[in-house]
Amino acid sequence: MGLFEALFLLSTTGAAEYGALFYAVVLYAVLGIGFGAFIGLGVVVLGLVFKKFPDSMAFTLPFVGVIAAMGAVITLYVVRKMVYLEQAVPMSAKLQVLGAFGALTLLGLWLGPIFLTRTPFKVLLRVRGAFTLYGGLALLSGIFAFAPGDVDPVGNMNPDTEQPARLAEHPNVLLIMVDTLRWDYLGSYDPEKSDLTPVMDALASDSVLFERSYTAASWTRASTASLFSSMPPSSHDTALKVAVLPDAVDTVAEVLHGQGYVTGALPNNINVTRSFNFQQGFDWFEYQAPEYLFGATESASQLSMYNVVRKVKEKLSGKTKVVTDFYQPADVVLGRAKDFVRSQQEKRWFLFAHLMEPHDPYFEQPYNGVGFARAETPNPDPEQAEYLKEVYAGEIKKLDEEIGVFVDWLKESGTYDDTVIVLTSDHGEEFFEHGGWWHGTTLYDEQIHVPLIVKLPNQEHKGARVPWQVRQIDVAPTLAALAGASTPGQWQGSDLFGETFEKGLAALAVPEVVEAEDSLEEAAEPAPSIETESGVFPDLDRLVFAEENFEGNVLAAVQVEGWKLITANEGNPRGLARRELYHVAVDPLEQTNLVGEPLGRQNDLEAMVIEQVRLATESGLSGTTAELDDVTLERMRALGYVE
């Protein structure tokens, strides 16, 4: 069972090594000793009751029973995830699965004794034969699992390639994505939070801060795919939990790699790893994986029984939670970032660093083992909202300190000035503002409004604050432009520092008093557009389009000219209304649903949603899906993405 599961996992995931082969053979054998002893007692009893109970049936009965039971459970599990998208499997489908395995059980009970008495596998009925076969499997699996490979599974941190001389004119690029970081938990966005984030606020003072930046989705894989590809989910087709980022996507890493940059990544969430094809374009791609039990490898940790053992360990450990059971903390990730930067010497580089502290489980700080996780409590008591906000804020404060250590090192090493630093998030987090929790199930601002801070080389435009609306899909084109690279035709965002930026700066500048008579003609020229109502820059705001297809919630939203419309599928599990209309310019917390009141505005926005979905779909790629292995599902469960 273990060997077949390992082969299946290795053939359907992006595993870079084959440790699962040997680990499965050993682990399943150890677990099988206990299970076999229990079943063996039952067979002994049957042997006493039925005097003519052959050895072949004694082997067949438990074998077929276990295979059928496990197969049915696993099949229903996969069907629920892949076919019904986390929703309950209808009784008719359950009966079909159970019926199929029932038929297989009867067939197995009939053919098993024949197979074990008339084929070479009759050696399984003798102790020596069983152990010989097992030893052979263990030996072969070990050879395949640990034989030296030709390629480093994470790539090369410092590839031996010559960079074009033109890159000397362009900066290094550091993209820091803080998972689940809300925009309003930074002091640079909300002065009341200034005690939480002094380091990120200091970085913002050296940077251009975009006050109104929006993601294309509110869960990690779909959102990060948009960050990398400059496309909304309907275009990159990586919205579902089983979706894989298509090879046809031109990622920002591929574009910069093509320009000659050394590219590295430190993904820290299972959703953006090789399992889902996010390594595209990276010379070095090192998943900051949780720590494994009993010497397991990345591929071995995907085995279902490994996760059973891990769950048992967690139960025995009590309520104490360990950070590294879920992700690697910021000091570890940023330590590896230092290693990457050091290795480049005089080369130009692009690095993606993924930090997880604000994501649940939220750990109390100073760390005491107390953590609060979505997987355990999907619907907390609303009275816990303030406590959860405090613990969430404590995680951000701790993260800020670690970023401070890293930024100081960048300055001391002489790297800071010549590096573009982008700090952003994949999505925010909900604390019952709209009757729910966590993320991924709505498109309200608490989930899609994220920080976006861009430090340019030599701190150009330092301290500038951009009040007009921009998008996550604009980040990749911006980095490409700064690196001197051409923008792929499939990208749908635009450079944040293009003509719109200069126009906006002019609009925000205080006009000079015209005294000279010969300046009257110049003064009469039309000025760039300025804010006409709270939060609206009609000629500068970029249309925000966001989508979601998560756990049966199929959502789309547009935000333009101070208005926002959210559409939802009928009967969605979250219980969202089919249409929600908000005048966000005057109702930024989205508390008053105006559906049906300004009907003309609603009709315009509904037509706009339809048009955006059409454009995104027509511009899209043919995506693929991944067979979700057990550890991928388990990590997604631990992070709250699946039950």
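Residues numbered from 1 in each chain as written. Predicted model: local features only at pLDDT ≥ 70, side-chain atom pairs only at ≥ 80, totals over all residues. Heavy atoms only, no water.

1. Considerations on the pattern of salt bridges
Side-chain pairs of opposite charge can arise whenever the charged atoms involved come near each other. Keep this limit in mind: Salt bridges are counted wherever a side-chain nitrogen of Lys or Arg sits within 4 Å of a carboxyl oxygen of Asp or Glu. Starting at the N terminus, helices and strands are each numbered in turn, a helix being any DSSP run of H or I of at least four residues and a strand any DSSP run of E of at least two. Burial classes follow relative accessibility: with a 1.4 Å probe on protein chains only, a residue under 20% of its type's maximum area counts as buried, one over 50% as exposed, and anything between as partly exposed.
Considering all chains together, one arrives at 22 salt bridges under this definition. A salt bridge links Arg336 to Asp339; the shortest N-O distance between them is 2.9 Å. Of this pair, Arg336 and Asp339 both sit in helix 11 (residues 330-344), three residues apart, which is roughly one turn of that helix. Residue Arg336 is classed as partly exposed on the basis of its relative accessible area, which comes to 25%. Through salt bridges that share partners, Glu286, Arg336, Asp339 and Arg342 make up one connected network.

2. Details of the sheet that holds strand 1 (residues 172-178)
How we decide: One bridge is not enough; two strands pair if DSSP finds at least two bridges between them. In this analysis, two residues are considered to be in contact whenever any of their non-hydrogen atoms come within 4.5 Å of each other. Axis definition: a line fitted to C-alpha atoms, over the contacting stretch in the case of helices. Angles run 0 to 180 degrees between N-to-C directions.
Taken in spatial order, the eight strands make up an open sheet running 5-4-6-1-9-12-2-13, and their pairing is mixed. Looking at which strands have only one partner, the edges of the open sheet turn out to be strand 5 (284-285) and strand 13 (465-471). As judged from the five bridges shared by strand 2 (residues 208-214) and strand 12 (residues 449-455), these two strands associate in the antiparallel manner. Bridge pairing in strand 12 links Val208 to Val454. The sheet contacts of helix 6 (residues 198-205) involve strand 2, strand 9 (419-424) and strand 12, and relative to strand 12 the element is tilted by about 55 degrees. Packing of helix 7 (residues 220-229) onto the sheet brings it into contact with strand 1 and strand 6 (349-355), and relative to strand 1 it is tilted by some 160 degrees.

3. Comments concerning a nonpolar patch on the surface
Basically, it comes down to this: Patch members must show over 30% relative accessible area and no salt bridge, and they are joined within 9 Å when carrying like charges or within 5 Å when they are nonpolar side chains of Val, Leu, Ile, Met, Phe, Trp or Tyr. For the area figures, the Shrake-Rupley method with a 1.4 Å probe applies, and any residue is considered shielded solely by the protein chains shown.
On the surface, a cluster of nonpolar side chains totalling about 490 Å² of accessible area is made up of Leu104, Leu107, Trp110, Leu111 and Ile114. You can see Leu107 is positioned in helix 4 (residues 91-118).

4. What to know about helix 17 (residues 599-618)
What counts here: For a helix, the expected span equals 1.5 Å multiplied by the residue count minus one. Comment: arc refers to directions from the helix axis out to C-beta atoms.
Relative to the 28 Å expected for 20 residues at 1.5 Å per residue, helix 17 spans 28 Å between its end C-alpha atoms, a close match to the ideal helical length. Along helix 17, the residues that are buried comprise Gln602, Leu605, Val609, Gln612 and Ala616. The arc enclosing the buried residues of helix 17, seen along the axis, measures out at 85 degrees, which places them on a common side. Relative to its buried face, helix 17 has exposed residues pointing more than 90 degrees away, namely Asp604, Ile610 and Glu618. Packing partners of the buried residues in helix 17 comprise helix 8 (233-236), strand 14 (544-550), strand 15 (553-560), strand 16 (563-568) and strand 17 (579-582).

5. Regarding unusual backbone geometry
Of the consecutive residues Asp360 and Pro361, the connecting peptide bond is found in the cis state with omega at 5 degrees. With respect to the secondary-structure elements, Pro361 resides in the loop between strand 6 and strand 7 (362-363). Here the bond from Gln365 into Pro366 is cis, since omega is -5 degrees, no more than 30 degrees from zero. Among the secondary structure elements, Pro366 is positioned in the loop between strand 7 and strand 8 (371-372). Of note, the phi angle at Thr180 is positive, near 70 degrees, even though the residue is not glycine. With respect to the helices and strands, the residue Thr180 is situated in the loop between strand 1 and helix 6. Relative accessible area serves as the criterion here: at 0%, Thr180 is assigned to the buried category.

6. With respect to the side chain of Thr441
For clarity, the cut-off: Contacts described as polar in this section are N or O atom pairs within 3.5 Å, which, within protein, must combine one atom able to donate a hydrogen with one able to accept it, while residues neighboring in sequence count only if both atoms come from side chains.
The residue Thr441 is located in the loop between strand 11 (437-438) and helix 13 (445-448) in this model. The class of Thr441 is buried, set by a relative accessible area of 9%. Only 2.9 Å separates the side chain of Thr441 from the side chain of Arg574, close enough to count as a polar contact. In contact with Thr441, not counting residues within four places along its chain, are Ser218, Arg374, Gln447, Glu548, Phe550, Glu551, Asn553, Leu555, Arg574 and Leu576.

7. Regarding the nonpolar core
Stated precisely, the cut-off is as follows: We define the nonpolar core as a collection of buried residues of types Ala, Val, Leu, Ile, Met, Phe, Trp, Tyr and Cys that are connected through side-chain atoms lying within 4.5 Å of one another.
Ranked by size, the top nonpolar core spans 47 residues in total, and within it Phe210 and Phe350 carry the most contacts. Once residues within four sequence positions are removed from consideration, Phe350 is found in contact with Val173, Leu175, Val252, Ala253, Leu256, Tyr261, Val262, Thr263, Gly264, Phe282, Phe340 and Leu479. One finds Leu266, Ala330, Leu388 and Leu410 within the second-largest nonpolar core, a separate group that totals 46 residues.

8. Observations concerning the layout of surface pockets
Under the convention used in this document: Grid spacing is 1 Å over the protein atoms alone, the probe is 1.4 Å, and a cavity is where that probe fits but cannot get out, while a pocket is an open set with protein on both sides within 12 Å along at least five of seven lines and lining residues have an atom within 4 Å of a point. Grid points are joined across faces, edges and corners, and a volume is the space filled by probe spheres set on the points. Throughout, the ten residues Ala, Val, Leu, Ile, Met, Phe, Trp, Tyr, Cys and Pro are labelled nonpolar, Asp, Glu, Lys and Arg are labelled charged, and all others, Gly among them, are labelled polar.
Reported here for the largest pocket is a volume of approximately 2200 Å³. As for the largest pocket, its lining consists of 48 residues, of which Met1, Phe59, Phe63, Ile67 and Leu124 are closest to the centre. Counting residues per element, the ones that place at least two in the lining of the largest pocket are helix 1 (2-12), helix 2 (19-49), helix 3 (55-82), helix 4 and helix 5 (127-146). It is helix 2 that provides the largest number of residues to the lining of the largest pocket, a total of 13 residues. Across the lining of the largest pocket, the residue classes tally to 38 nonpolar, eight polar and two charged. In this model, the second largest pocket occupies a volume close to 750 Å³. Lining the second largest pocket are 34 residues; nearest its centre among them are Trp183, Asp184, His449, Pro588 and Leu589. Top element by residues in the lining of the second largest pocket is helix 12 (residues 385-412). It accounts for four residues.

9. Focus: the packing of aromatic side chains
Defined as follows: Stacked, edge-to-face and tilted labels apply to pairs of Phe, Tyr and Trp rings (six-membered ring for Trp) whose centres lie within 6.5 Å, assigned for plane angles under 30 degrees, over 60, and everything in between, in that order. Note on geometry: a ring has a charge over it if NZ (lysine) or CZ (arginine) is within 6 Å of the ring centre and within 35 degrees of the ring normal.
Tallied over the entire structure, the rule returns 24 aromatic pairs. A network of ring pairs unites the aromatic residues Tyr185, Tyr362, Phe372, Tyr392, Phe431 and Trp438 as a single cluster. A cation over an aromatic ring shows up here: Arg221 above the ring of Phe276, its NZ or CZ 3.5 Å from the ring centre. Sitting over the face of the ring of Tyr416, Lys455 holds its NZ or CZ atom 4.6 Å from the ring centroid.

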